[in-house]
Structures are given as C-alpha cells and as structure tokens.
Amino acid sequence: MNYCSRYILIVIASSLWLKSNAQVIDTIVATTPITSKSSGIDPLRVGLVAGTSSGALVGVYIYMQNVWWSNQHNKFKIDHDQDYKYAKNMDKMGHFIGGSVTAELFGEAFQWAGMKKSSSYLYGGLIGVTIQGIIEIKDGFAPTYGYSFGDLAAGSAGSFLPLLQYHVPAANAFRIKLSYYKHDNYYYKVYPYANVIDDYSNQTYWLSCSVNDLLPKGSKAEKIWPDFLTIAGGWGVDETLNLYNTGVNSYVNKGRGHYEYYLSVDIDWRKIIKQNTLFKRSVTYALNYIKIPLPTVRLGPSVQYHWAFW
C-alpha cells in the first residue's frame, strides 16, 4: 500500500525548509568556529541535517502510528497474494517514486553537509530502504494488510536510483514523473473522505526521456531537436479498477481493471530554468517530478488522442 507517500510529504516539507533557509544557515555556519572538521564535512551542517531528518522521521512515525497502526496487535503475517492484486500493482510505482524522492533529498542534504556525491547517494539509498522496511514490518502486524516483499523491492529500487544515475551518467536522461486528473468520480462516491494518494485510476506514471542527452553530441539530429523537449511513456489503469472499492466481493474483484498506455511529449525544466540560484534549483526539482498536460496519444486498450492529457 502507498502509505510511504505520507512520509515523503513530511520529508519534502522538511527538506524545502532546509533549502529555503539555506542562506541564513550558511551565514550561521560561516560565523561559527568549527573545531573539528575533516574530509570537508561540516559538523554544524551535519547536525542541522540530522535534526531536520530526525524530526521528519519522528513526525511521520507518530502520524502513521495514530492513523494506520493504532490498536493493531495482530500476529505478524506476510502478504503473498492480495497485495499483488491491489490496484493492479500501481501502488508499486508510488513506492518506487517515494524511495527515489527520499534518497535524492537525503543525498542532497548530505552533500550540503560536505559529503561526497557517491557516499551521499549511497547513504540516502540506505535510509530510503530502512524507512520502507520499517513501514512494511509495521504493516505486517496490521489486521487488513501484511508485509509485502513487492512493496519493499519497489521502494528499494527507487531508493538506489539516484546512486545509479550518479555512476551511470546516461541514466540521467530519464526521469520518473507522475500526473493526476480526476477523469472519473467513482472512487469518491464510494469513499467521500478518500484522498488522491489511493485514487489510482486517476493517476498516471511516466518515464520521461531527454532525447538530446542520448543523441551524439554535435550531430545534425542533436542540433535540430529542441534541448528541453522530451518523450514520455505513460502507464495507468482505467476506472474498472474501482470494482473492489464497493466492498462487495472485494477479494474477488481485486485485480480487475485494464491497463492504459500513453505516449506524450514532455518538458525537461533543467534545460529551461537556469540552475544558478537555490530557489531556481528547488523549483526545477519539484517540476521535474510532475508531468504537465501536453498532447498525448493513448495507445491502449484503445487508441485515443488528447490535446492535453494529465
């Protein structure tokens, strides 16, 4: 289940606070005597990162303990069946993106504290896997959920994506993105207090490819193709997924739904927004996780054209 999304929101908020106050923090760091500094690591910045991260972790644990795990003292169980039918496994992409965002944010924070890139993304990935593992263990004791190796694998793969992109530069041409638009209202009619995180039939996940980054440098094609224009492939599921949300024969109806596949153009904001200030880098970082509405062709289960598709 995509419960790690709540954690991600808190981590993002904490990281953005750290970034937005970087100028003030830099001034404090610059005027504070450092008595023990080795290998370029700044102890004061390490303390600030650790404090912010710890606050985020404690906050999300308390929240999830009260909302998801309260009064759950069942025997630990592993889900070998229903989790792999839930939402046609669309939730696995949520775990993957969650792991990637977490590792990237922690990796950047560690670099800000003076750690080398390779080490920062390694530790960021390990933190992402650890958090995902703790969530799955807690879910293992829940009455209606269970420990999911699939969720853990998806979150772990996402957690080490920034490290892969560091060691394999060509992988930086690819970005995982998401979009959300309420194409149908079925889910909210059944659950009036539902939220967008679990509304999978209205979510689409994208793999965006920066074409110019893969073309031979100096080639005619590389000169002609706009640097900022990318190609994106999308994956979603239609409204028939929601059959099990009625609560009637929910176990039988899990796994229903038809996959949808899309081909679209997209924007790499790194090629449009100059990365010369902290604010611009933060805006670019956020925008590059969101697929904006642009002309799109749905390839399946039937062909449809959209002038602007979320």
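Residues numbered from 1 in each chain as written. Predicted model: local features only at pLDDT ≥ 70, side-chain atom pairs only at ≥ 80, totals over all residues. Heavy atoms only, no water.

## Remarks on the overall build of the protein chain
Turning to step 1, where the next piece is worked out: From N to C terminus, the protein chain includes 12 helices and 6 strands.
Turning to step 2, where the next piece is worked out: Counting across all 310 residues of the protein chain, residues that qualify as buried make up 45%.
Turning to step 3, where the next piece is worked out: The contacts in the protein chain between residues at least 6 apart in sequence include a share of 70% that link residues at least 24 apart.
Turning to step 4, where the next piece is worked out: For the protein chain, the computed accessible surface area is about 15800 Å², with 66% contributed by carbon and sulfur atoms. (Helix = DSSP H or I, 4+ residues; strand = E, 2+ residues; numbered from the N terminus. Buried < 20%, exposed > 50% of the residue type's maximum accessible area, 1.4 Å probe, protein only. Contact = heavy atoms within 4.5 Å. Areas by Shrake-Rupley, 256 points an atom, 1.4 Å probe, with all protein chains shown as cover.)

## A short note on the sheet that holds strand β3 (residues 229–237)
Turning to step 1, where the next piece is worked out: Read from one edge to the other, the open sheet built from 6 strands follows the order β1-β2-β3-β4-β5-β6, with strand pairing classed as antiparallel. Sheet topology places β1 (174–180) and β6 (304–309) at the edges, where each strand pairs with a single neighbour. Averaged over all pairs of adjacent strands, the angle between their axes in this sheet comes to 25 degrees, without regard to strand direction.
Turning to step 2, where the next piece is worked out: For β1 and strand β2 (residues 203–209), the ladder comprises 7 bridges, and the chain directions are antiparallel. (Pairing = 2+ DSSP bridges. Axes fitted to C-alpha atoms, helices over the stretch in contact; angles between N-to-C directions.)

## A short note on a nonpolar patch on the surface
Turning to step 1, where the next piece is worked out: Nonpolar side chains collect at one region of the surface, where Phe76, Ile78, Tyr84, Ile137, Phe141 and Phe149 lie side by side and expose about 520 Å² of accessible area between them.
Turning to step 2, where the next piece is worked out: One can find Phe141 in the loop between α5 (117–140) and α6 (149–159). (Patch = residues over 30% accessible without salt bridge, like charges linked within 9 Å, V, L, I, M, F, W, Y side chains within 5 Å. Salt bridge = Lys/Arg side-chain N within 4 Å of Asp/Glu carboxyl O.)

## Looking at the packing of aromatic side chains
Turning to step 1, where the next piece is worked out: Going through the model one piece at a time under the given rule, you end up with 13 aromatic pairs.
Turning to step 2, where the next piece is worked out: Between Tyr259 and Tyr261, the aromatic rings sit 6.4 Å apart at their centres with planes inclined by 55 degrees, giving tilted as the arrangement.
Turning to step 3, where the next piece is worked out: Assessed through its relative accessible area of 25%, Tyr259 is described here as partly exposed.
Turning to step 4, where the next piece is worked out: Exposure remark for Tyr261: the relative accessible area of 41% places this residue in the partly exposed category.
Turning to step 5, where the next piece is worked out: Their ring planes at 25 degrees and their centres at 4.5 Å tell us that Tyr262 and Phe309 sit as a pair that is stacked. Within this pair, whereas Tyr262 is found in strand β4 (residues 259–267), its partner Phe309 is found in strand β6, the two being separated by 47 residues in sequence.
Turning to step 6, where the next piece is worked out: When its relative accessible area of 6% is taken as the criterion, Tyr262 is described as buried.
Turning to step 7, where the next piece is worked out: According to the relative accessible area criterion, Phe309 is buried, its value standing at 4%. (Phe/Tyr/Trp six-rings, centres within 6.5 Å; stacked < 30°, edge-to-face > 60°.)

## What about the environment of Ala142?
Turning to step 1, where the next piece is worked out: By the element assignment, Ala142 lies in the loop between α5 and α6.
Turning to step 2, where the next piece is worked out: Judged by relative accessible area, Ala142 falls into the buried class, the value being 0%.
Turning to step 3, where the next piece is worked out: Once the C-alpha coordinates of Ala142 and Asn74 are considered, the two residues, 68 residues apart in sequence, prove to be 6.0 Å apart.

## Let's talk about helix α12 (residues 278–287)
Turning to step 1, where the next piece is worked out: Looking only at α12, the buried set comprises Ser282, Thr284 and Tyr285. One face of α12 carries all of its buried residues, which in axial projection span an arc of 165 degrees. (Arc of directions from axis to C-beta.)

## Quick notes on helix α4 (residues 90–112)
Three or four residues apart is the spacing at which side chains of an α-helix point the same way, because the helix has 3.6 residues per turn.
Turning to step 1, where the next piece is worked out: The terminal C-alpha atoms of α4, which comprises 23 residues, lie 34 Å apart, in line with the 33 Å expected from a rise of 1.5 Å per residue.
Turning to step 2, where the next piece is worked out: For α4, the buried fraction is high: 20 of the 23 residues fall into the buried class.
Turning to step 3, where the next piece is worked out: Downstream of α4 by a residue or two, Gly114 has a phi angle that is positive, lying close to 110 degrees. (Expected span 1.5 Å × (residues − 1).)

## Concerning the pattern of salt bridges
Turning to step 1, where the next piece is worked out: Throughout the structure, instances matching the rule amount to 10 salt bridges.
Turning to step 2, where the next piece is worked out: Where Lys177 meets Asp266, a salt bridge forms, and the shortest distance between an N and an O atom there is 2.7 Å. Within this pair, whereas Lys177 is found in strand β1, its partner Asp266 is found in strand β4, the two being separated by 89 residues in sequence.
Turning to step 3, where the next piece is worked out: Residue class for Asp266 comes out buried when judged on its relative accessible area of 0%.

## Topic: the packing of α5 against α6
Turning to step 1, where the next piece is worked out: Running from N to C, α5 and α6 point in directions that differ by 165 degrees, and their axes come no closer than 8 Å. Judged on the interaxial angle alone, α6 and α5 are roughly antiparallel. Taken as a pair, α5 and α6 cross one another with a handedness that is right-handed. Packed against α5, whose contacting residues are Gly125, Gly128, Val129, Gln132, Gly133 and Glu136, the element α6 presents Asp151, Leu152, Gly155, Ser156 and Ser159 at the interface.
Turning to step 2, where the next piece is worked out: Here the contact of α5 with α6 is composed, by residue class, of 2 nonpolar, 7 polar and 2 charged. (Parallel < 35°, antiparallel > 145°, perpendicular 65-115°, else oblique. Left-handed = near helix turned anticlockwise from the far one by under 90°. Nonpolar A, V, L, I, M, F, W, Y, C, P; charged D, E, K, R; others polar.)

## Things to note about the packing of α4 against α6
Turning to step 1, where the next piece is worked out: Taken N-terminus to C-terminus, the directions of α4 and α6 make an angle of 35 degrees; their axes are 6 Å apart at the nearest point. For α4 against α6, the interelement crossing comes out right-handed. Across the interface between the two elements, Asp91, Lys92, His95, Phe96, Gly99, Ser100 and Ala103 of α4 pack against Gly150, Asp151, Ala154, Gly155, Ala157, Gly158 and Ser159 of α6.
Turning to step 2, where the next piece is worked out: Of the residues in the contact of α4 with α6, the class split is 4 nonpolar, 7 polar and 3 charged.

## Considerations on the environment of Lys223
Turning to step 1, where the next piece is worked out: Tracing the chain through its elements places Lys223 in helix α10 (residues 220–224).
Turning to step 2, where the next piece is worked out: When its relative accessible area of 64% is taken as the criterion, Lys223 is described as exposed.
Turning to step 3, where the next piece is worked out: Separated by 11 residues in the primary sequence, Lys223 and Asn212 place their C-alpha atoms 8.5 Å from one another.

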